[in-house]
Amino acid sequence: MQQQTHEYDVVIVGSGIGGSIVAKTLTQAGKKVLLLEAGLEAGIDFQKKEAFNNYMGYLDKFYQTAAKVPNSPYPNLKDAPSPDVIDIEAIEPCKPATNGYLVQAGPIPFGSDAWRGPGGTTMHWLGSTPRMLPNDFKMKSLYDVGVDWPFDYDALKPYYEMAEFEIGVAGNVDEQKGPDVSKDKNYGKDYHFPMKKIPQSYLDEKVIEKFPKGFKVHFNGKAHDLEFVSTPQGRNSIPNPEYPYSDVVWNEDKHKLELQSDKRWNTFTKGYEAVPDQQTTKYTPVGAVWDDHQGHRCEGNASCVPICPVQAKYNALKTLRKSDPKLITTQTQAVASKVLTDESSGDVIGIEYKKYEDPNSSVFETHIAKGKVYVLAANAIENAKILLASGIANSSDQVGRNLMDHMVMLTWGLLPEKGFPYRGPGSTTNIPTMRDGDFRKEHAACISPIDNWGWGWPKFSPGSDVENAVAAGMFGRELKYHINDVVPRQLLLHFECEQTPEPNNRVTIDPNYLDNLGNYRPVIHYSASDYMKKAFAEYKKVSDQIFEAAGVEDFTEYTTSHPDYAEYEGKVYNFWGAGHIVGTHRMGTDKEESVVNENGQTWDHQNLYLVGCGNMPTLGTSNPTLTMSALAFKTSEAILNQLKD
Amino acid sequence: MSKHTPKELDLFLNISSHLTGFKTISLLGTGMTETYFNTITAHVNPNTVALFYEACAEILALDGDNAIKDAIKNELIPDGNYAGLGKKIILMWYLGNWDNDVISAQAYTQGLVWDAAETHPPGAKQPGYDSWRERPIKVNC
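Residues numbered from 1 in each chain as written. Chains lettered and ligands numbered in written order. Predicted model: local features only at pLDDT ≥ 70, side-chain atom pairs only at ≥ 80, totals over all residues. Heavy atoms only, no water.

(A) Layout of the pattern of salt bridges. Residues and elements named next belong to chain A. For the coordinates displayed, the defined rule picks out 37 salt bridges over all chains. A salt bridge links Glu-442 to Lys-534; the nearest nitrogen and oxygen atoms lie 3.4 Å apart. Of this pair, Glu-442 sits in the loop between β16 (429-431) and β17 (446-451) while Lys-534 is found in helix α12 (residues 530-550), placing the two residues 92 residues apart along the sequence. Beyond isolated ion pairs, a larger network of salt bridges with shared partners links Lys-24, Glu-166, Asp-247 and Lys-322. (Salt bridge = Lys/Arg side-chain N within 4 Å of Asp/Glu carboxyl O. Helix = DSSP H or I, 4+ residues; strand = E, 2+ residues; numbered from the N terminus.)

Here is the structure:
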């Protein structure tokens with residue numbers, strides 16, 4: 001075993017958005033950082049040619065893979081395997097499904113994936129960045145469900161603004177509405193997003209125009225106003241001249257991170273520079289990592305998941321590249337396996353990692369990384385797994401528990417006229433109607449995006465439409481006209497239901513299940529509660545009302561052969577994972593019931609912080625990346641303050 | 001006189017037009033004709049391929065589109081005839097796949113399904129910022 005002789009201020013595990021925000025913020029504030037990344041060296045090379053060639057390799061793999069699932073462009077390594085939706089299978093009673101990386105103990109399979117490699121899962125995220133609602137932070141007090149967060153919405157608001165700067169959110173604040181949303185309360189009356197909204201699709205317009213203002217949908221015994229809003233998203237559009245900020249900077253005198261307008265980090269000169277007065281927009285879109293002149297606008301590739309060919313969509317490499325190169329050391333092909341602690345003080349004294357040369361060989365060297373402060377930012381499943389493998393941070397017995405995801409019930413049908421899907425970003429409009437209300441006492445809330453990509457998700461359209469038509473004997477012009485009639489009329493709605501924290505939905509480890517390097521494979525225990533099933537039943541009725549009013553012919557079909565199905569009051573529903581892996585090391589005010597405090601610092605180890613969606617006590621109805629990024633800034637600030645002492 | 005060598009390449013192109021519903025000029029425009037022709041040669045028993053092209057020659061010599069259409073339906077579409085080549089050729093042109101494998105990156109991006117669906121292959125031939133707010137510029141039907 002090799003001891004690292006060099007001591008860093010901070011050791012970070014993981015180069016996804018959480019780890020990258022911490023690395024960038026700390027190095028720009030003058031701290032020395034060691035970043036450990038399990039994936040391949042090539043993915044983190046920021047030299048122009050190498051970065052371009054590597055990324056084009058991802059794109060080529062995407063083109064050449066038949067099942068274009070979220071992980072399809074990216075290497076899946078035996079030494080650092082990734083959970084993949086393609087591995088999901090039905091689970092037989094009392095017999096875990098062991099296909100792929102995750103060991104699925106059930107009773108139903110966890111439906112989401114992640115990527116373990118440079119940039120993490122932001123490489124294939126969709127990019128939707130709605131904020132959570134104020135009421136999401138007090139589910140226990142308001143609705144007697146789950147737990148409250150250790151702070152309220154207002155406490156997170158300044159960090160939300162930092163996250164929106166960092167990700168580069170395009171959106172229209174004035175258009176944000178729905179239950180528990182008002183511009184003043186949620187954003188402040190003068191707030192703007194860094195870039196103007198991504199245009200809503202033609203398809204969105206065709207759907208929205210079918211509903212007169214005041215149209216109501218009925219669920220949970222009440223009528224609710226059906227509304228449509230443009231979705232804020234981390235995707236480059238036109239910079240907003242009214243957005244005042246140029247960077248997030250550490251203010252040592254005030255002990256705070258601040259958004260400010262005078263200076264900004266220059267990635268090329270690797271230092272701060274003044275923002276010229278004559279510059280009309282303070283915000284500049286961040287382009288591709290290989291060439292900052294590419295990707296300043298979304299170009300409509302319609303492949304955001306799994307890969308944006310021009311990097312107009314945000315990914316964490318853009319943030320990581322802003323780290324001060326003089327102060328960051330990156331170790332790739334370095335898989336963190338264990339956190340070492342001092343038995344008497346409880347302080348972390350090192351992180352053991354396995355360094356491999358060949359990603360498919362079981363040969364590795366063990367090293368120990370040393371710092372003053374340690375940060376695990378390896379995603380919610382991996383963070384929990386590493387903590388469990390180390391036997392630490394778990395005096396609350398909450399590590400690994402409360403695993404959550406948005407359970408996405410999909411509904412699909414054919415519009416009466418063409419909406420021309422399979423164009424533009426994956427979703428540009430959402431229905432906020434079911435995001436909050438008294439009904440949350442009885443069933444889950446949801447956000448309901450309109451999908452711009454037809455029936456691709458549930459039915460593998462349009463490939464399956466061609467295959468089915470050909471199998472039925474269609475050919476020639478009849479086939480062409482059939483595809484031309486059907487595919488452009490496809491409509492898909494999501495009902496992304498907020499899963500509540502359940503102690504038995506959890507990540508565990510088992511010495512019978514190890515990977516190629518002898519690290520634990522996560523064992524996942526997962527189920528859908530009645531609170532979720534009732535939501536499926538209510539929202540299927542909402543979908544029926546929407547389809548009927550819009551003249552949409554319903555083709556939704558739920559079966560018991562779909563691995564994630566639930567039965568409720570005699571009916572079967574199918575759902576899919578949203579890729580929102582949340583809640584395995586939640587924060588709280590009570591060390592008996594939570595793993596970390598409000599800053600992500602573990603209760604049990606003063607120099608160990610956890611970053612990522614695992615910290616979230618409840619999920620809300622927002623895509624979680626924005627919220628976890630806000631939390632990562634909050635944690636960065638806390639670490640900078642701890643390092644001052 | 002044959003435009004291409006071997007002469008089967010012409011037969012392949014012309015029968016592909018009838019099978020897919022796309023004009024030969026559109027098929028040639030994909031740049032995939034030779035690749036797909038060679039894919040068949042590489043994967044299917046030569047005797048079967050020879051018999052298939054003989055059948056194609058006879059069908060293409062028929063008088064009128066309806067006669068050709070009927071003959072294709074009876075001769076080339078049934079799964080048991082010529083190793084299912086009729087359907088496989090359609091799927092190759094529409095999806096860029098042979099069986100369940102993508103033939104090449106170009107085969108994916110040149111799939112006819114995207115044209116038929118009035119869009120572009122995801123991740124390629126991007127139509128540009130704001131394009132999705134309008135109807136597609138190119139409308140086929």
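(B) Expanded view of the domain arrangement of chain A. Residues and elements named next belong to chain A. Assigned domains of chain A: these are domain 1 (2-197 + 232-405 + 499-528 + 575-644) and domain 2 (198-231 + 406-498 + 529-574). Computed from C-alpha coordinates alone, the two centres of domain 1 and domain 2 are separated by 29 Å. Across the boundary between the two partners, domain 1 contributes 58 residues, which contact 51 residues of domain 2. Between domain 1 and domain 2, the buried area comes to about 4200 Å², and carbon and sulfur atoms account for 59% of it. Of all residues in domain 1, Phe-575, Trp-576 and Thr-621 bury the most surface against domain 2, accounting for 23% of the area lost on that side. Our enumeration of links across domain 1 and domain 2 arrives at one salt bridge. For Asp-136, the salt bridge identified is with Arg-440, shortest N-O distance 2.7 Å. At the boundary of domain 1 and domain 2, one finds 20 residue pairs in polar contact (both at pLDDT 80 or more). (Domains from an automatic or database assignment. Contact = heavy atoms within 4.5 Å. Buried area = accessible area lost by both parts, 1.4 Å probe. Polar contact = N/O pair within 3.5 Å; in protein donor to acceptor, adjacent residues only side chain to side chain.)

(C) Region of interest: the interface of chain B and chain A. Of the residues lining the interface, 44 residues belong to chain B; the matching set on chain A comes to 53 residues. Carbon and sulfur atoms make up 66% of the surface buried where chain B meets chain A, a total of about 3800 Å² over both sides. Contact with chain A buries surface across chain B, with Gly-123, Tyr-129 and Trp-132 of chain B losing the most and accounting together for 21% of the total. Where chain B packs against chain A, one counts 18 residue pairs in polar contact (both at pLDDT 80 or more). At five residues, the largest contribution of residues to the side of chain B that touches chain A is made by helix α6 (residues 85-95) of chain B. Partitioning the side of chain B that touches chain A into residue classes produces 23 nonpolar, 12 polar and nine charged. (Nonpolar A, V, L, I, M, F, W, Y, C, P; charged D, E, K, R; others polar.)

(D) Quick look at the state of the cysteines. Residue and element names in this part refer to chain A. Under the definition given, this model contains zero disulfides over all chains. Free cysteine: Cys-304, not disulfide-bonded; nearest cysteine sulfur from Cys-298 at 6.1 Å. For Cys-304, a relative accessible area of 7% gives the class buried. Lacking any disulfide linkage, Cys-613 is separated from the closest cysteine sulfur, that of Cys-497, by 18 Å. Classification of Cys-613 as buried rests on a relative accessible area of 10%. (Disulfide = S-S within 2.5 Å. Buried < 20%, exposed > 50% of the residue type's maximum accessible area, 1.4 Å probe, protein only.)

(E) Quick peek at the environment of Asp-485 of chain A. Residues and elements named next belong to chain A. Among the secondary structure elements, Asp-485 is positioned in helix α11 (residues 476-486). Under the relative-accessibility criterion, Asp-485 is labelled partly exposed at 37%. Separated by 119 residues in sequence, Asp-485 and Thr-366 have C-alpha atoms that sit 59 Å apart.

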